[in-house]
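Each chain is listed here by its residues.
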Amino acid sequence: MDLTAAHSGYVFAAYGLTFVVLGFTIWLHVRRARRTAARLAGLEARQAPRRRTTTTREDA
Amino acid sequence: MRIEKYANPARFLSLQKSVQPWLTGSAVVLIVVGLYLGLVVAPPDYQQGETVRIMFIHVPAAWTAMMTYTFMAACSIVAIVMRHPLADMAAKAAAPFGAVFAFLALATGSLWGKPMWGTWWVWDARLTSTFVLFLLYLGYIAVWQAIEEPSRAAAIARIVAIVGFINVPIIKFSVDWWHSLHQGESVFRMGGPTIYPTILWPLLVMGLGYTVMFAALEFSALRTEVLARRIRQMEIAEAQGS
Amino acid sequence: MSVLAALIRRDLLLALRQGTGAGTALGFFLTVMVLLPLGIGPDQALLQRIAPGALWIALLLSVLLSSDRIFQADYEDGSLELMTMGPAALEIVVTMKGLAHWLTTGLPLAIAAPLLGFLLNLDPALIGPLVVAMGLGSVALSLLASLGAAVTVGIRRGGLLVALLILPLYVPVVIFGVAASSGIGGLDIATPSLLILAAIALVALVTVPFAAAAALRAYMH
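Since this is a predicted model, take the numbers as computed values, not measurements.

(A) Spotlight on the overall build of chain A. Tallying secondary structure elements over chain A gives one helix and zero strands in all. Sorting the 60 residues of chain A into buried and exposed places 10% on the buried side.

(B) Region of the structure containing the overall build of chain B. Each helix and strand in chain B was counted, giving eight helices and zero strands. Starting at the N terminus and ending at the C terminus, chain B contains elements arranged as α-α-α-α-α-α-α-α. Expressed as a percentage of the 242 residues in chain B, the buried residues total 46%. Of all intrachain contacts in chain B linking residues separated by at least 6 positions in sequence, the fraction that spans at least 24 positions is 77%.

(C) Quick look at unusual backbone geometry. Even without a glycine there, the phi angle at B:Arg83 is positive, about 55°. As for its placement among the helices and strands, B:Arg83 is situated in the loop between α3 (55-82) and α4 (85-117). In the Ramachandran plot, C:Asn121 falls in the positive-phi region, its phi being about 60° despite a non-glycine side chain. The residue C:Asn121 is located in the loop between α6 (90-116) and α7 (127-151) in this model. Given 18 C-beta atoms within 10 Å, C:Asn121 falls into the partly exposed group.

(D) Focus on the interface of chain C and chain B. Contacts between chain C and chain B engage 13 residues on the former and 17 residues on the latter. Contributions of two or more residues to the side of chain C that touches chain B are made by α8 (159-181) and α9 (186-220) of chain C. For the side of chain C that touches chain B, the residue count by class is 13 nonpolar, no polar and no charged.

(E) Focus on the interface of chain B and chain A. The interface of chain B with chain A comprises 27 residues on the first partner and 22 residues on the second. By residue number, the principal contributor to the side of chain B that touches chain A is helix α8 (residues 197-241) of chain B, which donates 10 residues. Each residue belonging to the side of chain B that touches chain A can be placed in one class, and the counts come to 16 nonpolar, six polar and five charged.

(F) Representation of α3(B) within the structure. Residue and element names in this part refer to chain B. If you check α3, its first and last C-alpha atoms are 39 Å apart, about what 28 residues at 1.5 Å a residue would give, namely 40 Å. Counting buried residues along α3, 21 of its 28 residues qualify, which places the element largely inside the surrounding structure. Arginine 83, located one to two residues past α3, shows a positive phi value of around 55°.

(G) Region of the structure containing α6(C). In this model, α6(C) (27 residues) spans 37 Å end to end at C-alpha, consistent with the 39 Å of a helix rising 1.5 Å per residue. Most pronounced at C:Trp102, the bend in α6(C) amounts to some 45°.

(H) Region of the structure containing the environment of C:Leu160. Here C:Leu160 is to be found in helix α8. Sequence separation between C:Leu160 and C:His101 is 59 residues, and the spatial gap between their C-alpha atoms is 21 Å.

(I) Quick look at the nonpolar core. The biggest cluster of nonpolar side chains holds 152 residues, and the ones touching the most others in it are C:Leu59, C:Leu144 and C:Ala215. The element contributing the most residues to this core is α4(B), with 20 residues. Not counting chain neighbours up to four residues away, the residues in contact with C:Ala215 comprise B:Ile156, B:Ile159, C:Ala150 and C:Val151.

(J) Region of interest: the confidence of the model for chain A. Scored by pLDDT, chain A comes out at a mean of 80, with 70% of its residues at no less than 70. For the stretch residues 56-60 of chain A, pLDDT sits under 50, and the model shows zero contacts to residues farther than four places along the chain or on other chains.

(K) Examining the packing of helix α3 (residues 44-65) of chain C against α8(C) more closely. Residue and element names in this part refer to chain C. Where α3 meets α8, the axes come as close as 10 Å, and the angle between the chain directions of the two elements is 145°. The crossing of α3 and α8 is right-handed. Contacts between α3 and α8 involve Pro52, Gly53, Trp56, Leu60 and Leu64 on the former and, on the latter, Ile166, Tyr170, Val174, Gly177, Val178 and Ser181. Its residues assigned to classes, the contact of α3 with α8 comprises eight nonpolar, three polar and no charged.

(L) Representation of the environment of B:Ser76 within the structure. Residues and elements named next belong to chain B. Examined against the element boundaries, serine 76 turns out to sit in helix α3. Residue serine 76 is classed as buried on the basis of its C-beta count, with 26 C-beta atoms lying within 10 Å. When the C-alpha atoms of serine 76 and alanine 155 are compared, they prove to be 8.9 Å apart, with 79 residues separating the residues in sequence. With sequence-adjacent residues up to four places away left out, serine 76 is seen in contact with Ala91, Arg158, Ala161 and Ile162.

Reading the values: the criteria
- Residues numbered from 1 in each chain as written.
- Chains lettered and ligands numbered in written order.
- Predicted model: local features only at pLDDT ≥ 70, side-chain atom pairs only at ≥ 80, totals over all residues.
- Helix = DSSP H or I, 4+ residues; strand = E, 2+ residues; numbered from the N terminus.
- Buried ≥ 20, exposed ≤ 12 C-beta atoms within 10 Å, placed from the backbone.
- Contact = placed C-beta atoms within 7 Å.
- Nonpolar A, V, L, I, M, F, W, Y, C, P; charged D, E, K, R; others polar.
- Expected span 1.5 Å × (residues − 1).
- Bend = angle between axes of the 7 residues up to and from the residue.
- Core = buried A, V, L, I, M, F, W, Y, C linked by C-beta atoms within 7 Å.
- pLDDT = per-residue confidence, 0-100.
- Axes fitted to C-alpha atoms, helices over the stretch in contact; angles between N-to-C directions.
- Left-handed = near helix turned anticlockwise from the far one by under 90°.

Below, the structure is given as structure tokens:
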């Protein structure tokens, strides 16, 4: 019973699906990681100048 | 305990920064080697032909799906006992990956089952409980989405993770308890593995590769969770301050 | 002891007077029983084969769908918070509420189901095993449903979430419940399955109160 030829399609499908799904998952994760880091950097930049003004007021 | 030291989010971030490249690197290496062993070196099976190669991505996905939920349950217990917010965040970060692995286990299993047994699906013990595991992942993720307040969401999520964990040993032992279509345990047996080395090695390498891949993704996702929490705290402080 | 009795009595009286719990569940159950033969067709042999499984599914769904009332009313009007300050621990309150739900919904259905099995051409020899198995299994079903109710009490539109969370836990109950009552395999299968059903019910009785109480506390803070 020759299974090899007829069924290698399933092997391609399985590996292909795994590759696509894992790749998509990793891509989504990396995208969210980058966006979060960027948003945090933006927030810190916004809040840093305010901190500096409060200290100068305290000095005076 | 050394791990407790890294329960502090700031310390975890510095640990993550140094460890991440190694995790990602070794995951890539392991998977490349595993793919080579599985697709090039391993010969076609006497009975199954080329389709036996699906085992190298099906079994690791199933192992990792179960391991991830175990990890989530363990984190939840740690969260209850030691009250480290990082433990809740670790469980939350792991869930989507666990769901993906469970889905892949089901999908690749289906693609393997069709040529081998002639059927896409059958409601036997192991397949049913793996599908149930997938639903548990979705339920866990839904808890975090449905409840706005993070500490309340964490409290509910912990319960879901711990109570749901009972499903994992059921999957593991189900093939021994019920005679069914799915094959019995071949690797984690008392007498040692019963598979041929040419099939065993790609399987073990891919299994380890998937595990390290999860670890790499988990560390990175946990970092994102920590940063997201910091953003939320800063936004709240901003709203209160001004 | 009087505190436990008072807790159960309160829920039983509420259920009897308001009539919502058992009534809804019974109505749903009857709907399924009447519509199933219509949907499947007049093949009596086929109906007889699926009857035990169908009865279990109808029982399960009826219990699950009527479970949101276990904590909802008390949570919304603040009585639940009052109960946490009372003489009984929240875990005891939860257990009593779960048992009250069983007495008003699970158990009546478990008894009614085999009797209504004639609508599905149920083999009369199976009525006895079904009553026993469903009597045992409905304890687990009610307790697990109360866990789902507690975990979602503060979530709007939590219906889907309850299904996702409780379905995994219902699977073993259904598997062993049907095995104990379908007559297939005789006593060799039925007796161990009944024992496992009893074990599941006991485990649920011991663990659900803690999990459900923890969930309720999370919502009340």
